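For reference, the chains in residue letters:
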Amino acid sequence: MTTATYDNIVEDVISCTNEVFASMIPMEIKSDGSFYQKEDMISTDVISLISFTGEHSGIVAFFGSKDMALKITSKMLGIEVSSIDQDVKDAMGELTNMIGGSLKNKVFETFGAMHLSVPIVIAGAALSISSSSNKNDKQDLTISPGVTCNSQNSWMMTPFSSEGDTFNIGLVVKKND
Amino acid sequence: MTKLLLVDDSAVMRKIIQRNIKETGLIVDEFVEAGDGNQALEKVNENLDLDLILLDWNMPNMSGIEFVKTLRSLNLAKRIPVVMVTTEGSDAKISEAKDSGADGYLTKPFTADQLRDALGSYLMVQ
């Protein structure tokens, strides 16, 4: 079993997300700590994923309701968007891309060089996800002091709220041998 | 007449950049758009009078860095300035981009002021 410790990762996720909104999305958001969630407990309308590979591999993801995705897209574009269309999927992909890119730049010294994929966005109703990787390849990672995350099936979720609605930025990380 | 080529696989990001350019007072008369490096090469061949290219790095089919290397090998287009606009923000990536022929660099996310500063050398301001 490989164990790695990453201090301040929650703070990094919060600061990167805040930076993206402060710079490019005129919308007040408020973070509220973090929690771990089993993959099979995730149920949401819009999922945007960006994976990274290198010395470490993993996924940064946006999980949010349809209303939150519409609200964020409307603020990004400066026009009212009322239904899930290609622009909404594109906006959610770009949001995740910017958060993932900022996080990559911030944790570069700890995680080493990594390559980001282009985003994948899925929109529907009550979507869930499941990992397809080999269950014999589990690795426990200590994401912050005292908290252990099983990278096979638990996500570190950082929730953000705005005007009564919420979204989560999820993160899973695995150190490659 | 100022003509700018926007190369980004995100149509939303292309819209955001266009809006920010207009809001910051930078003068662009015509925007040409491309979704990857291959499309961008086609647009360059059709628009040899381009004044500036804004270029994402990570795109399908042909990446931004592959595009700028190819662009600099083309005699007709080698003088068009290129500013990378990308989430790739490490010193190594910035050096790689400049060594490949990029003239400027702007990391996403960016504020309107940062965009104006990055493009101010290439575009007139109202």
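Reading the values: the criteria
- Residues numbered from 1 in each chain as written.
- Chains lettered and ligands numbered in written order.
- Predicted model: local features only at pLDDT ≥ 70, side-chain atom pairs only at ≥ 80, totals over all residues.
- Heavy atoms only, no water.
- Pairing = 2+ DSSP bridges.
- Helix = DSSP H or I, 4+ residues; strand = E, 2+ residues; numbered from the N terminus.
- Axes fitted to C-alpha atoms, helices over the stretch in contact; angles between N-to-C directions.
- Contact = heavy atoms within 4.5 Å.
- Parallel < 35°, antiparallel > 145°, perpendicular 65-115°, else oblique.
- Salt bridge = Lys/Arg side-chain N within 4 Å of Asp/Glu carboxyl O.
- Buried < 20%, exposed > 50% of the residue type's maximum accessible area, 1.4 Å probe, protein only.
- Buried area = accessible area lost by both parts, 1.4 Å probe.
- Polar contact = N/O pair within 3.5 Å; in protein donor to acceptor, adjacent residues only side chain to side chain.
- Expected span 1.5 Å × (residues − 1).

Colleague: Quick rundown of the sheet that holds strand E5 (residues 104-107) of chain B? Include the residues and the values.
Modeller: Residues and elements named next belong to chain B. Pairing within the open sheet is parallel, and its five strands lie in the order E2-E1-E3-E4-E5. Strands at the two margins of the open sheet, each flanked by one partner only, are strand E2 (30-34) and E5. Between one strand axis and the next, the sheet turns through 20 degrees on average, direction left out of account. The pairing of strand E4 (residues 82-86) with E5 spans four bridges and is classified as parallel. Residue pairing for E5: Val 85 is matched across the bridge by Leu 106. Of the strands in this sheet, strand E3 (52-55), E4 and E5 touch helix H5 (residues 112-119), which is tilted by about 170 degrees from E5.

Colleague: Could you give an account of the packing of helix H2 (residues 66-77) of chain A against helix H1 (residues 11-23) of chain B, naming the residues involved and the relevant values?
Modeller: Interhelical geometry of H2(A) versus H1(B) gives an angle of 40 degrees and a closest axis separation of 9 Å. Between H2(A) and H1(B), the angle falls in the class oblique. Residues Lys75(A), Met76(A) and Leu77(A) of H2(A) form the contact with H1(B), whose own contacting residues are Val12(B), Lys15(B), Ile16(B) and Arg19(B).

Colleague: An account of unusual backbone geometry is needed here, citing residue identities and associated values.
Modeller: In this model, Lys108(B) is joined to Pro109(B) through a cis peptide bond whose omega is -5 degrees. On the secondary structure map, Pro109(B) appears in the loop between E5 and H5. Even without being glycine, Glu163(A) reaches a positive phi, approximately 50 degrees. Checked against the element boundaries, Glu163(A) lands in the loop between strand E9 (154-162) and strand E10 (165-175). Within the chain, Asn61(B) stands out as a residue other than glycine whose phi angle is a positive 70 degrees. Relative to the elements of secondary structure, Asn61(B) occurs in the loop between E3 and helix H3 (64-72).

Colleague: Break down the pattern of salt bridges for me, with residues and values.
Modeller: When charged atoms on two side chains of opposite charge get close, those side chains can pair. If you walk through the whole model with that rule in mind, you get eleven salt bridges over all chains. Across the pair Glu94(A) and Lys108(B) runs a salt bridge, and its minimum N-O distance is 3.1 Å. Placement of the pair is Glu94(A) in helix H3 (residues 86-111) and Lys108(B) in the loop between E5 and H5, with the two residues belonging to separate chains. Each member of the pair Glu94(A) and Lys108(B) is classed as buried. Ionic pairing is found between Asp103(B) and Arg72(B), a salt bridge with its closest N-O pair at 2.8 Å. Note that Asp103(B) is positioned in the loop between helix H4 (91-100) and E5 and Arg72(B) in helix H3, a separation of 31 residues in sequence.

Colleague: Break down the interface of chain A and chain B for me, with residues and values.
Modeller: Contact residues are listed per partner, giving 20 residues for chain A and 20 residues for chain B. When the two sides are added together, the surface that chain A and chain B hide from each other amounts to roughly 1700 Å², 55% of it contributed by carbon and sulfur. The interface formed by chain A and chain B holds three salt bridges in total. Between chain A and chain B we count ten residue pairs in polar contact (both at pLDDT 80 or more) in total. Elements supplying a minimum of two residues to the side of chain A that touches chain B: helix H1 (9-24), H2 and H3 of chain A. For the side of chain A that touches chain B, the leading source of residues is H3(A), giving ten residues.

Colleague: Tell me about H1(B), and please be specific about residues and values.
Modeller: Residue and element names in this part refer to chain B. Between the first and last C-alpha of H1 there are 18 Å, a value that for 13 residues agrees with the 18 Å anticipated at 1.5 Å per step. Buried within H1 we find Val 12, Met 13, Arg 14, Ile 16, Ile 17, Gln 18, Asn 20 and Ile 21. Gly 25, located one to two residues past H1, shows a positive phi value of around 85 degrees.

Colleague: With reference to specific residues and values, describe the pairing of E3(B).
Modeller: Residue and element names in this part refer to chain B. Judged by which residues are buried, E3 turns out to be covered on both faces: Leu 52 and Leu 54 on one side and Ile 53 and Leu 55 on the other are all buried. Where strand E1 (residues 3-7) lies against E3, four bridges are found, and the strand directions are parallel. By the bridge assignment, Val 7 is partnered in E3 with Leu 55. Here E3 pairs with E4 via three bridges, running parallel. Paired with Ile 53 across the two strands is Val 82, which belongs to E4.

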